[in-house]
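Read off the chains here:
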Amino acid sequence: NAGVTQTPKFQVLKTGQSMTLQCAQDMNHEYMSWYRQDPGMGLRLIHYSVGAGITDQGEVPNGYNVSRSTTEDFPLRLLSAAPSQTSVYFCASRGGGRTNTEAFFGQGTRLTVV
Amino acid sequence: GENVEQHPSTLSVQEGDSAVIKCTYSDSASNYFPWYKQELGKRPQLIIDIRSNVGEKKDQRIAVTLNKTAKHFSLHITETQPEDSAVYFCAASGWVTFGTGTKLQVIP
């Protein structure tokens, strides 16, 4: 049982490039979400999903796309990278249906856009 | 949606002293209040949580109290140790929106 797995751990992009951050969980969790964490800052919600085929925007969705074709995977796509997207990205999941339960986080992806 | 405010943003205490972090929430329907600890360079991890049918929960040196009437809940750490130094996040109804975080520094 690996929990929540994010890849890659580190990435450097040039301005304008696109890429996909991968997130997979093996706990059969319905709910998954993406956050960005800037230095010294909190967790800001980018997008989230309450089940396969269902996604919604969070606090800072601009410049990012998501899809949820399976329960396990929730990739985050950067469409055209900008220096303002330099940050640490965390994926999280939780189960329990409508009963609120603990969120499990991936190890994070440190992204630098130059 | 739920709005969670967390105070203070930074907190320095001497080793052995107690630390208290407070969060307030807006949605009276919220029923689950977790606290996460994030050590430097690592992922946030749950350290304690409380549900709305309980007023207080304790786990060794950490405790959480909940005041549903006032819509606030607090994390209490007693006998602080250097390894308690980290950023702490609260959340209400668990999982989408977190407080802004409190950086706790325990001075040896």
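Residues numbered from 1 in each chain as written. Chains lettered and ligands numbered in written order. Predicted model: local features only at pLDDT ≥ 70, side-chain atom pairs only at ≥ 80, totals over all residues. Heavy atoms only, no water.

Asks: What is the right way to read the overall build of chain B from this model?
Replies: Of the regular secondary structure elements, chain B holds zero helices and ten strands. Reading chain B from its N terminus to its C terminus gives the helix and strand order β-β-β-β-β-β-β-β-β-β. What you see for chain B is a C-alpha radius of gyration of 13 Å, in line with the 13 Å of a compact globule of 108 residues. If you line up chain B on its principal axes, its C-alpha atoms span 40 × 25 × 20 Å. Here chain B holds 108 residues, and the buried ones make up 44% of them. (Helix = DSSP H or I, 4+ residues; strand = E, 2+ residues; numbered from the N terminus. Rg over C-alpha atoms; globule rule 2.2 N^0.38 Å. Buried < 20%, exposed > 50% of the residue type's maximum accessible area, 1.4 Å probe, protein only.)

Asks: Help me out: how do you make sense of the overall build of chain A in this one?
Replies: Within chain A one finds zero helices and eleven strands. In sequence order, chain A lays out its α and β elements as β-β-β-β-β-β-β-β-β-β-β. A compact globule built from 114 residues should have a C-alpha radius of gyration of about 13 Å, and chain A, at 13 Å, falls within 12% of that. If one aligns the C-alpha atoms of chain A with their principal axes, the spans along those axes are about 40 × 25 × 25 Å. Considering only intrachain contacts with a sequence separation of at least 6, the fraction spanning at least 24 residues in chain A is 54%. As displayed, chain A offers around 5300 Å² of accessible surface, 50% of which is attributable to carbon and sulfur atoms. Each charge class in chain A can be summarised by its mean position, and for the 9 positive and 8 negative side chains these summaries are 8 Å apart. (Contact = heavy atoms within 4.5 Å. Areas by Shrake-Rupley, 256 points an atom, 1.4 Å probe, with all protein chains shown as cover. Lys, Arg positive; Asp, Glu negative; His and termini not counted. Charge placed at Lys NZ, Arg CZ, Asp CG, Glu CD.)

Asks: What should I look at first to understand the environment of Pro-75 of chain A in this one?
Replies: Residue and element names in this part refer to chain A. For Pro-75, the location among the structural elements is in the loop between strand 7 (64-66) and strand 8 (76-78). Assessed through its relative accessible area of 13%, Pro-75 is described here as buried. Distance from Pro-75 to Leu-111, taken between C-alpha atoms, is 15 Å for residues 36 residues apart in sequence.

Asks: It is not clear to me how the pattern of salt bridges should be interpreted in this structure. Could you clarify?
Replies: Note that side chains of opposite charge can pair when their charged atoms are close. Under the criterion given, the structure shown has six salt bridges over all chains. The salt bridge partner of Asp-38 of chain A is Arg-44 of chain A, with a shortest N-O separation of 2.7 Å. Residue class for Arg-44 of chain A comes out partly exposed when judged on its relative accessible area of 28%. Ionic pairing is found between Asp-84 of chain B and Arg-61 of chain B, a salt bridge with its closest N-O pair at 2.9 Å. Within this pair, whereas Asp-84 of chain B is found in the loop between strand 8 (72-77) and strand 9 (86-90), its partner Arg-61 of chain B is found in the loop between strand 6 (56-59) and strand 7 (62-67), the two being separated by 23 residues in sequence. (Salt bridge = Lys/Arg side-chain N within 4 Å of Asp/Glu carboxyl O.)

Asks: Quick question: what am I supposed to make of the sheet that holds strand 8 of chain B here?
Replies: Sheet strands associate in pairs through backbone hydrogen bonding, adopting either a parallel or an antiparallel arrangement. All names here are of chain B. Strands sit in the order 1-3-8-7-6 across an open sheet of five strands; the sheet is antiparallel. One side of each edge strand has no neighbouring strand; the edge strands of this open sheet are strand 1 (4-7) and strand 6. Ignoring strand direction, the axes of neighbouring strands in this sheet form an average angle of 15°. Examined bridge by bridge, strand 6 and strand 7 share four bridges and lie antiparallel to one another. Considered in strand 7, the bridge of Lys-58 is made with Ala-63. (Pairing = 2+ DSSP bridges. Axes fitted to C-alpha atoms, helices over the stretch in contact; angles between N-to-C directions.)

Asks: Whenever I open this one, the interface of chain B and chain A confuses me. Can you help?
Replies: Reports of interface size often rely on the accessible area that becomes lost once the parts have come together. Between chain B and chain A, the residue contacts involve 16 residues of the former and 22 residues of the latter. Both faces considered, chain B and chain A share a buried interface measuring about 1600 Å² in area, 60% of it formed by carbon and sulfur atoms. At the boundary of chain B with chain A, the tally comes to zero salt bridges. The interface formed by chain B and chain A holds four residue pairs in polar contact (both at pLDDT 80 or more) in total. (Buried area = accessible area lost by both parts, 1.4 Å probe. Polar contact = N/O pair within 3.5 Å; in protein donor to acceptor, adjacent residues only side chain to side chain.)

Asks: What exactly am I supposed to notice about the nonpolar core here?
Replies: Grouped burial of nonpolar side chains is what soluble globular proteins tend to show. Judged by nonpolar contacts, the single largest core of 23 residues is most densely connected at Phe-33, Trp-35, Phe-73, Leu-75, Ile-77, Tyr-88 and Leu-104 of chain B. Elements supplying a minimum of two residues to this core: strand 2 (10-14), strand 3 (19-25), strand 4 (32-38), strand 5 (45-51), strand 7, strand 8, strand 9 and strand 10 (102-107) of chain B. In terms of residue count, strand 3 of chain B provides more of this core than any other element does, four residues in total. For Ile-77 of chain B, the contacting residues outside a window of four places in its chain are Asp-17, Ser-18, Ala-19, Arg-61, Ile-62, Asp-84, Tyr-88 and Leu-104 of chain B. Of all hydrophobic cores here, the second largest spans 19 residues; its members include Cys-23, Ile-46, Val-60 and Tyr-89 of chain A. (Core = buried A, V, L, I, M, F, W, Y, C linked by side-chain atoms within 4.5 Å.)

Asks: Help me understand the sheet that holds strand 9 of chain B in this model?
Replies: Residues and elements named next belong to chain B. Strand order in the open sheet formed by five strands is 2-10-9-4-5, and the pairing between neighbours is mixed. Edge strands, defined here as strands with exactly one partner in the open sheet, are strand 2 and strand 5. Ignoring which end each strand starts from, the neighbouring axes of this sheet average 20° apart. Looking at chain direction, strand 4 and strand 9 are connected through four bridges and run antiparallel. If you follow Lys-37 over to strand 9, its bridge partner there is Tyr-88.

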